[in-house]
There are 2 protein chains.
Amino acid sequence: MSIQNVSLNLNVRGLGKSATLAINERVAELQKAGREIYSFGLGQSPFPVPQCVVNALQKHAHEKDYLPVQGLPQLREAVAEFHRREDHVNIQQENVMIGPGSKELMFLLQLAFYGDILIPAPCWVSYIPQAKIIGRKVTMIETAYKNRWTLSPQALEAQCLEENDVDKPRLLILNYPSNPYGDGNTVEELMQIAEVARKYNIIILSDEIYGQTNHQGKHISIARYYPEGTIISSGLSKWCGAGGWRLGTFSFPASLRWLLDALVVVASETYTSVSAPIQYASVVAFRGGDEINEYLLHSRRILNALGKWIVQQLQDAKVRIHPVEGAFYIFPDFEHYRQALLEVNIKSSTELCERILEDTGVAALPGSSFGRSKHELNLRMAYVNFDGEKALLASKKVPLDQPLDAEFLTQHCALVVTGINRLIDWLKQL
Amino acid sequence: MSIQNVSLNLNVRGLGKSATLAINERVAELQKAGREIYSFGLGQSPFPVPQCVVNALQKHAHEKDYLPVQGLPQLREAVAEFHRREDHVNIQQENVMIGPGSKELMFLLQLAFYGDILIPAPCWVSYIPQAKIIGRKVTMIETAYKNRWTLSPQALEAQCLEENDVDKPRLLILNYPSNPYGDGNTVEELMQIAEVARKYNIIILSDEIYGQTNHQGKHISIARYYPEGTIISSGLSKWCGAGGWRLGTFSFPASLRWLLDALVVVASETYTSVSAPIQYASVVAFRGGDEINEYLLHSRRILNALGKWIVQQLQDAKVRIHPVEGAFYIFPDFEHYRQALLEVNIKSSTELCERILEDTGVAALPGSSFGRSKHELNLRMAYVNFDGEKALLASKKVPLDQPLDAEFLTQHCALVVTGINRLIDWLKQL
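Rules used throughout
- Residues numbered from 1 in each chain as written.
- Chains lettered and ligands numbered in written order.
- Predicted model: local features only at pLDDT ≥ 70, side-chain atom pairs only at ≥ 80, totals over all residues.
- Heavy atoms only, no water.
- Helix = DSSP H or I, 4+ residues; strand = E, 2+ residues; numbered from the N terminus.
- Rg over C-alpha atoms; globule rule 2.2 N^0.38 Å.
- Buried < 20%, exposed > 50% of the residue type's maximum accessible area, 1.4 Å probe, protein only.
- Areas by Shrake-Rupley, 256 points an atom, 1.4 Å probe, with all protein chains shown as cover.
- Lys, Arg positive; Asp, Glu negative; His and termini not counted.
- Charge placed at Lys NZ, Arg CZ, Asp CG, Glu CD.
- UniProt positions renumbered as here; feature names shortened; annotations may be inferred.
- Least-squares fit on C-alpha atoms with pLDDT ≥ 70 in both.
- Pairing = 2+ DSSP bridges.
- Contact = heavy atoms within 4.5 Å.
- Buried area = accessible area lost by both parts, 1.4 Å probe.
- Salt bridge = Lys/Arg side-chain N within 4 Å of Asp/Glu carboxyl O.
- Polar contact = N/O pair within 3.5 Å; in protein donor to acceptor, adjacent residues only side chain to side chain.
- Nonpolar A, V, L, I, M, F, W, Y, C, P; charged D, E, K, R; others polar.
- Disulfide = S-S within 2.5 Å.
- Axes fitted to C-alpha atoms, helices over the stretch in contact; angles between N-to-C directions.
- Parallel < 35°, antiparallel > 145°, perpendicular 65-115°, else oblique.
- Left-handed = near helix turned anticlockwise from the far one by under 90°.
- Domains from an automatic or database assignment.

Participant: Just to check I follow, could you spell out the overall build of chain A for this structure?
Facilitator: From N to C terminus, chain A includes 15 helices and 12 strands. The C-alpha atoms of chain A give a radius of gyration of 22 Å, which matches the 22 Å a tight globule of 430 residues would have. Referenced to the eigenvectors of the C-alpha coordinate spread, the extents of chain A come out at roughly 60 × 60 × 55 Å. Expressed as a percentage of the 430 residues in chain A, the buried residues total 64%. When the accessible area of chain A is evaluated, it comes to approximately 15,500 Å², of which 48% is carbon and sulfur surface. Where the 42 positive side-chain charges of chain A centre and where its 46 negative ones centre are 3 Å apart.

This is the structure:
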C-alpha cells in the first residue's frame, strides 16, 4: 500500500467522463492536428445570453453574501411566476429550489429519494451514471423508432405491473423536448402518462430544460395533468444561452414538500447555495419581457428552420428520422444502411460514429451513449455549431412572414449545413 | 402508499440543515420579533470582494460557454502559482480542480475515496454530515483544550495502531487556521503529523480556506512537509470576501492523480463546471498584486486587533480560551463556570447557547455542532458582525506603526464589542 494505490468507491471506479463533455476534448485534439471538424457533439445553445441579463450580472457583481440554500427569494418568485405564466401550472415560490445546474439537482434528487428510477431510452447521458454513482437501481423502459422514441403510457404501466410490488416508490424521469431526439409525447400521450403515474403513485421528474426552445413556443408541461406528482426541472442553460453560468431550477408541488426539504438539507452540506451574482441576474431572465420574448422568437425561428432543413435532407437520403419539435438535437437512425455499413465493418453506433468522424470530420455521439443498444445504428447530433449572435441579427432583418430559407441557413449556419451534406455524401458512396 | 408518503434515503432522513446556515434563519426570526441580536453565528467574511475582482466579473459577465469540468486553465494556473508563491508548494495547474465551493469538492472527495475518514474534533460542521450522507465511516480523533484543540501527532498514530489493519486507506481532514477555534498546529507539530501520515500512507485533505487570513500573513501549509500525500483546499470565500460567489479549489500532488481523475468524473455528472463569469473573475483574485495585498494587510490587521481584544476580555473573565492566529472564530470554553451554570440548569453546550441568546441577544453556536461532547460547555463565535468595507477604509487612515486600539474597535466593530461585553456581564451575574 502506498499513496499511489488506488482506493476508490466501486460505484465511481471505471466511470468515464460524461460523453457529451468528452467529445468536446476529442474534437479539440483533431482540430489541433489540423483536421476540419463539423462538430455536432456538445449540446450548448449557440445563442448569447440576452443583453438585459448580462447587464443584470454586471449590476450585481458586488453581491457577496451567502444566499439561502433554497435560493434567492425573488428568484424563486420569478421562477414560480414563469411556470404559472408559461406552463399554466400553479407553482409557489416556497416550493422552488435553485441549484448550480439542473444536473446537480437531479443528482441530489436521486440521492435523497429512495426508490427505483424509471428512464425511457433513448435518454440524456447523465441520468444513468448518476444512478450508478449513488448505487441506485435504474430500469430502462424501451421505446421505438415507430413511436418517435417517446415513452408509451402502456409500456410505463407494463413496467409497474411486471414486478410483484406495485406500490414500490418510483421516480420516472421524462425529458422533452428531448435530448437526444428533439421531440416529445403528444398532449394526449402526456395525459395518459399522467393517468398511469397517478394510478401507481409514480413521482415524475419532468426535465423541461428545453421547454422554451419548443420551435413553435408551444411547450406543454405534464405538470398540467399531474400537478401533485410532478417536479418540473428548468434553468438558464438552454433557452437563455447561459449553459456556462450554471443555474438550474426544480419546482415542486406542495405534496412533495418532504422531498424538497430533503434536497435542501443535502444542498446545505454540498454546494451551499448558487453563486449570488448569478442568482440576482437570473431574476431578469425568468421575469421575461419584450427583449427576452424577441430573443426567444428569433432563436426558435432559426432552430426551427435549421431543424426542418436537416430532417428533410436526411429523410431524402433514406435516414430514419422524425420531424423535430424543439431543442437542437436530432437522433438519426441508419438502419436502412445496415447491410452497406456491415460491408465496411460497421456493426455498432460507436463504430459508426468513429468512422464518420474519421472519413468526413462530422463529430456526433453514438446512440449507445443515450441508453440504446450498441447494435442499433443511431447517432445524436446537436445542430448548434454556428454563430448564434450573428444569426439572431440576420433573422431580425428577415420579415417575420418570410421563412428562413436554405440560402439563409447556408450563409449563417454554414458548418452545420456542410456537415450534413458531407454526411449524406458519405452515405451515398457506401 | 400515496405521493405524500415519505420515501427517503436513510442516510439523508433526519439530517438537519447545516448548523451555521440554520442559525442565520433563527437570528432573522428573532430580529423580526424586534429583539436586538449580536450575531456571532454565520462565519462569513465581513469584508467586501476587492474592487479589482468585482471589475473582472463585470468584464466577463457575457461569458456563456461551459468551461472544462476541472476548471478554466488560466484559473488553474493562477491557483497553482498562488500556492507556489504563498505556500512554497510545487503545485502544477494540471493538478488543480475548481469547484462550486470547497464544501462541494470535499463531498465529492468523500464520495470518490474508499476508506476511513479521520477528523480531529472540534471540527467544521459539514465534514460529518457529508460522511453520513455518503454512508462512510468517520473516526473522530479527540483533542483537548490544553493542546489548543489541535491534533496531536501521537493521537493520530495511536488511532492507526488501534485497528488491526494498519494499511487501511485513510483520509485525514485537517483544517487550520481552524473553524471553530482560529488556531492551528505549530510548524513542529505539522512536521510530526506529516511523518505519521507518511508512515501510514494517510491522505491528508488540508483545508486551508482560511490560510490567507492568518493574522500575521504567515500561514504554513502542511503540504510543505508531506507534498506527496496532501490535497490543499482553498477558495475565494474567506480571504477574498466572496463566500456567496461559490468558488473553491483543490490542489493535488501528482501522486494522487487517480483521485483527482475520479473527482473530475463525478463532477462531470453533477455540477459540470463552475460558473464561467465567476471563474474568469477569480483569476484576478488568485494572481494577487498590490490591491489584493493591501486588502489582505488591512483585513488581517482588523481581525488580529479584534481577536486579541476579545481573547483578552474573555481570559480576564476566566473563560478558557487560547490566543487566535487566524480566521475569525473563537471557541471559548466555560468549564470554570460549570457549577454556576448547573445552578441555573445549564448542563450542555446547546443549553448554554440557547440561554445566552435568550438572556443577552448574543447568537453563538454550541460546541456540540463541532464534534465535541454535548456535556462540554463550549461555543463557537464568529466575530464578523461589522461593516468590513467601512472598517477597511478606517484602518487605512491609521498609520501602520500604530495599533488598532479599543477605541477603533468600539467605533468600527460596535456590535461585536457590545456582544462580548454583554456575554461577560451575563457571566458575572451568574
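Participant: Mind showing me how you'd approach the UniProt feature "domain: Aminotransferase class I/classII large" (unreviewed entry) in chain A here?
Facilitator: Per the UniProt annotation, the sites labelled "domain: Aminotransferase class I/classII large" (unreviewed entry) are residues 39–382 of chain A. A helix fraction of 39% and a strand fraction of 14% characterise residues 39–382 of chain A, whose end C-alpha atoms lie 8 Å from each other.

Participant: Please explain the relation of the copies chain B and chain A as it appears in this structure.
Facilitator: To go from the first copy of the chain to the second, apply a rotation about an axis and then a shift along the same axis. With an RMSD of 0.0 Å, chain B superimposes on chain A once it is rotated by 180 degrees and translated 0.0 Å along the axis. The operation mapping one copy onto its partner corresponds to a two-fold rotation axis. In terms of C-alpha distance to the rotation axis, chain B has Q58 of chain B as its closest residue, with the C-alpha 2.3 Å off the axis.

Participant: Help me understand the sheet that holds strand β12 (residues 379–382) of chain A in this model?
Facilitator: Neighbouring strands of a sheet are bound in pairs by backbone hydrogen bonds; such pairs are parallel or else antiparallel. Residue and element names in this part refer to chain A. Taken in spatial order, the three strands of this open sheet run β9-β12-β11, and their pairing is antiparallel. Of all the strands in the sheet, just β9 (329–330) and β11 (365–366) have a single pairing partner and so form its edges. The pairing of β11 with β12 spans two bridges and is antiparallel. In the strand pairing of β12, L365 is matched with R380.

Participant: For this particular structure, what's the right way to read the interface of chain B and chain A?
Facilitator: Accessible area lost upon the coming together of the parts serves often as the stated size of an interface. Each partner contributes to the interface: chain B provides 81 residues, whereas chain A provides 80 residues. Of the roughly 6,600 Å² buried between chain B and chain A on both sides combined, carbon and sulfur atoms contribute 61%. On the surface where chain B and chain A come into contact, there are zero salt bridges. Here chain B and chain A share 41 residue pairs in polar contact (both at pLDDT 80 or more) between them. Elements represented by at least two residues in the side of chain B that touches chain A include exactly α2 (51–59), α4 (102–112), α5 (127–134), α8 (257–268) and α9 (276–287) of chain B. In terms of residue count, α8 of chain B provides more of the side of chain B that touches chain A than any other element does, seven residues in total. In the side of chain B that touches chain A, the residues fall into 43 nonpolar, 26 polar and 12 charged.

Participant: Any chance you could explain unusual backbone geometry here in plain terms?
Facilitator: The phi angle of most residues is negative, glycine excepted, and most peptide bonds adopt the trans form. All names here are of chain A. Between A121 and the following residue, P122, the backbone shows a cis peptide bond with an omega angle of 10 degrees. For P122, the location among the structural elements is in the loop between β3 (116–121) and α5 (127–134). With omega at -10 degrees, the peptide bond leading from Y176 into P177 counts as cis. Relative to the helices and strands, P177 is located in the loop between β5 (170–175) and α7 (187–199). Phi is positive for W149, which is not a glycine, with a value near 65 degrees. Position of W149 relative to the elements: it lies in the loop between β4 (138–142) and α6 (153–162). Looking at W149, the relative accessible area reads 4%, which means it is buried.

Participant: Can you walk me through the state of the cysteines in this structure?
Facilitator: Cysteine pairs can be covalently joined through their sulfur atoms, and such a bond is termed a disulfide. All names here are of chain A. Evaluation of the coordinates by the stated rule reveals zero disulfides over all chains. Cysteine C123 remains unbridged, with the sulfur of C353 as its closest cysteine sulfur at 17 Å. C123 provides the cysteine sulfur closest to C160, a residue in no disulfide bond, and the two sulfurs are 17 Å apart. For C160, a relative accessible area of 0% translates into the label buried.

Participant: Would you mind going over the pattern of salt bridges with me for this structure?
Facilitator: Side chains that carry opposite charge are capable of pairing whenever their charged atoms lie near each other. As enumerated under the stated definition, the model contains 32 salt bridges over all chains in all. Of the charged contacts in the structure, one is a salt bridge between D183 of chain A and R148 of chain A, with a shortest N-O distance of 3.4 Å. Residue D183 of chain A is found in the loop between β5 and α7, and its partner R148 of chain A is found in the loop between β4 and α6; the two are separated by 35 residues along the sequence. The class of D183 of chain A is buried, set by a relative accessible area of 7%. Of the charged contacts in the structure, one is a salt bridge between R85 of chain B and E81 of chain B, with a shortest N-O distance of 2.8 Å. With R85 of chain B and E81 of chain B both in helix α3 (residues 73–87) and four residues apart, this pair spans about one turn of that helix. Judged by relative accessible area, R85 of chain B falls into the partly exposed class, the value being 29%. Salt bridges linked by common partners bring E81, R85 and E86 of chain A together as one network.

Participant: Explain the environment of A61 of chain A to me, please; I cannot follow it from the model alone.
Facilitator: If you trace the backbone, A61 of chain A turns up in the loop between α2 (51–59) and α3 (73–87). On a C-alpha basis, the gap between A61 of chain A and I37 of chain A in space is 37 Å, while along the polypeptide they are 24 residues apart. Setting aside its immediate chain neighbours within four residues, A61 of chain A contacts P277 of chain A together with V54, L57, Q58 and W245 of chain B.

Participant: Could you clarify how one ought to interpret the packing of α4 of chain B against α8 of chain B in this entry?
Facilitator: The axes of two packed helices give the description: the angle between them and the distance between them. Residues and elements named next belong to chain B. One can describe the packing of α4 onto α8 by two numbers: an axis separation of 9 Å at closest approach and a directional angle of 110 degrees. On the basis of their axis angle, the class for α4 and α8 is roughly perpendicular. As for how α4 packs across α8, the hand of that crossing is right-handed. Contacts from L105, L108, L109, L111 and A112 of α4 reach α8 at L259, A262, L263, V266 and A267. In the contact of α4 with α8, the residues fall into 10 nonpolar, no polar and no charged.

Participant: Any chance you could explain the domain arrangement of chain A here in plain terms?
Facilitator: All names here are of chain A. Here chain A is described as being made up of domain 1 (19–48 + 291–428) and domain 2 (63–287). Placing a centre on the C-alpha atoms of domain 1 and another on those of domain 2 gives a separation of 26 Å. Where domain 1 abuts domain 2, roughly 2,900 Å² becomes buried across the two surfaces, and 55% of that area is made up of carbon and sulfur atoms. Interface area lost by domain 1 to domain 2 is led by R300, H322 and E325, which between them contribute 24%. For the pair domain 1 and domain 2, the interface holds one salt bridge. Of the charged contacts, one joins R372 and E142 as a salt bridge, the two residues approaching to 3.4 Å between their closest N and O atoms.

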